[in-house]
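Here is how the chains run, residue by residue.
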Amino acid sequence: MPLSNNVIGCINFISVLLSIPVIGAGIWLAMGTVNSCVKLLQWPVIILGILILLVGLAGFIGGFWRITWLLVVYLIAMLVLIVLLGLLVGFIYMVTIRGAGHPEPSRAYLEYSLQDFSGWLRRRVQRSYKWERIRTCLSTTTICPELNQRFTMAQDFFNARLSPIQSGCCKPPTKCGFTFVNPTYWISPIDMSADMDCLQWSNDQNTLCYGCDSCKAGLLANIKVDWLKADIFLLLTLIGLIIVYIIGCCAFRNAETEDIFRKYKQGYT
């Protein structure tokens, strides 16, 4: 029986270790420059990781010291958390499956359209009171000012691989026909009727295109990339938890069977 207890305890301890990638993914999202301005996914992931950690510890204690009721609680709670993690992985994939950049002539960077993204993501940035907080946060970062340090010539800038947030927020849309002075300062054309974003652009370094739909689209494109990276870690953790859970269930059932036989033999003798 001590051997069975140790096996169940060790199996359940793996659940504790598997909580680390989940918590780490949440912390990584929270620390990102763009994601820190949009608090959408970080805390749900971190909280879910902490719950997996606590439930895994409960399973480890219950298995190592053979506390049956704690093992039962572990098995039920872990099943619920596995389902929740699976739903989260699926949700992230579904809301990020749409949205891609569009090439422009003579430009290495891509342009982004808000309508290309899922409705759920669009609603997170289209409401004015939410976007006002986000744009204020973005304007305090070095995302746009750093471009002025990197590029002084127009052709170098046009050949640059800008991040989506830089393409959408730090310059006017290419279709507006602005003339380059530096990455965050442009001369406007006489006719700016091509798009509302053309009217939103300002050479004020605290304004730029932070009010443009292209900036919102660039933000969502950045979020999409980061969320998909985090989703891969969450998916691998989910697979690991499912395997550990199945092995843990089998080990628990075998231990219970051994316990029944032990009691039967003691009664027989």
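Thresholds applied
Residues numbered from 1 in each chain as written. Predicted model: local features only at pLDDT ≥ 70, side-chain atom pairs only at ≥ 80, totals over all residues. Heavy atoms only, no water. Helix = DSSP H or I, 4+ residues; strand = E, 2+ residues; numbered from the N terminus. Buried < 20%, exposed > 50% of the residue type's maximum accessible area, 1.4 Å probe, protein only. Core = buried A, V, L, I, M, F, W, Y, C linked by side-chain atoms within 4.5 Å. Contact = heavy atoms within 4.5 Å. Axes fitted to C-alpha atoms, helices over the stretch in contact; angles between N-to-C directions. Parallel < 35°, antiparallel > 145°, perpendicular 65-115°, else oblique. Left-handed = near helix turned anticlockwise from the far one by under 90°. Nonpolar A, V, L, I, M, F, W, Y, C, P; charged D, E, K, R; others polar. Lys, Arg positive; Asp, Glu negative; His and termini not counted. Salt bridge = Lys/Arg side-chain N within 4 Å of Asp/Glu carboxyl O. Polar contact = N/O pair within 3.5 Å; in protein donor to acceptor, adjacent residues only side chain to side chain. Phe/Tyr/Trp six-rings, centres within 6.5 Å; stacked < 30°, edge-to-face > 60°. Lys NZ or Arg CZ within 6 Å of the ring centre and 35° of its normal. Pairing = 2+ DSSP bridges.

- In the annotation of an unreviewed UniProt entry, the protein chain is listed under the name Protein TORNADO 2 and assigned to Camelina sativa.

Notes on unusual backbone geometry
Part 1 of the reasoning: In this structure, S106 is a non-glycine residue whose phi angle is positive, near 65°.
Part 2 of the reasoning: In this structure, L208 takes a positive phi of about 40° despite not being glycine.
Part 3 of the reasoning: In this structure, L208 sits in the loop between α9 (196-200) and α10 (213-268).
Part 4 of the reasoning: Assessed through its relative accessible area of 1%, L208 is described here as buried.

Structural notes on the nonpolar core
Generally speaking, nonpolar side chains in soluble globular proteins are found buried as a group.
Part 1 of the reasoning: Judged by nonpolar contacts, the single largest core of 70 residues is most densely connected at L138, F157, L219 and L234.
Part 2 of the reasoning: Residue assignment for this core shows that the elements contributing at least two residues are α1 (2-31), α2 (42-64), α3 (68-96), α4 (119-126), α5 (128-139), α7 (154-158), α8 (164-169) and α10.
Part 3 of the reasoning: Those residues in contact with L219 that sit more than four places away from it in its chain are V34, V38, V125, W131, I134, L138 and I165.

Overview of the packing of α2 against α3
Part 1 of the reasoning: Relative orientation of the contacting elements α2 and α3 amounts to 155°, with a least axis distance of 9 Å. Put simply, α2 runs roughly antiparallel to α3. Relative to α3, the crossing made by α2 is left-handed. Residue-level inspection shows V45, L48, L51, I52, V55, G56, A58, G59, I61, G62 and G63 of α2 in contact with α3, the latter providing L70, L71, Y74, A77, M78, L81, L84, L85 and L88.
Part 2 of the reasoning: A per-class count over the contact of α2 with α3 returns 16 nonpolar, four polar and no charged.

Comments concerning the side chain of R124
Part 1 of the reasoning: If you trace the backbone, R124 turns up in helix α4.
Part 2 of the reasoning: One buried charge, R124, has no salt-bridge partner; the nearest side chain with opposite charge is D213, at 15 Å.
Part 3 of the reasoning: A polar side-chain atom of R124 sits 3.0 Å from the main-chain carbonyl oxygen of W120.
Part 4 of the reasoning: When neighbours within four sequence positions are excluded, R124 is seen to be in contact with L40, K130 and I134.

Structural notes on the packing of aromatic side chains
Part 1 of the reasoning: Under the definition given, this model contains eleven aromatic pairs.
Part 2 of the reasoning: Ring geometry for F158 versus F180: centroids 6.0 Å apart, planes at 70°, classification edge-to-face. Of this pair, F158 sits in helix α7 while F180 sits in strand β3 (residues 179-182), and the two are 22 residues apart along the sequence.
Part 3 of the reasoning: Three or more aromatic residues joined by ring pairs make a cluster, and in this case those are Y109, F151, F157, F158, F180 and W186.
Part 4 of the reasoning: Directly above the ring of F158 sits R107, whose terminal nitrogen or CZ lies 3.7 Å from the centroid.
Part 5 of the reasoning: A cation over a ring is seen here: R124 above W120, with NZ or CZ 4.6 Å from the ring centre.

Topic: the packing of α4 against α5
Part 1 of the reasoning: At a closest axis distance of 6 Å, the pairing of α4 and α5 adopts a crossing angle of 75°. Classed by the angle they form, the pair α4 and α5 counts as roughly perpendicular. Taken together, the residues of α5 that come into contact with α4 (itself represented by R124, V125 and Q126) are S128, K130, W131 and I134.
Part 2 of the reasoning: When grouped by side-chain class, the residues that make up the contact of α4 with α5 number three nonpolar, two polar and two charged.

Considering the pairing of β3
Part 1 of the reasoning: Across three bridges, the pairing between β3 and strand β4 (residues 185-187) is antiparallel. What sits directly across from F180, in β4, is W186.

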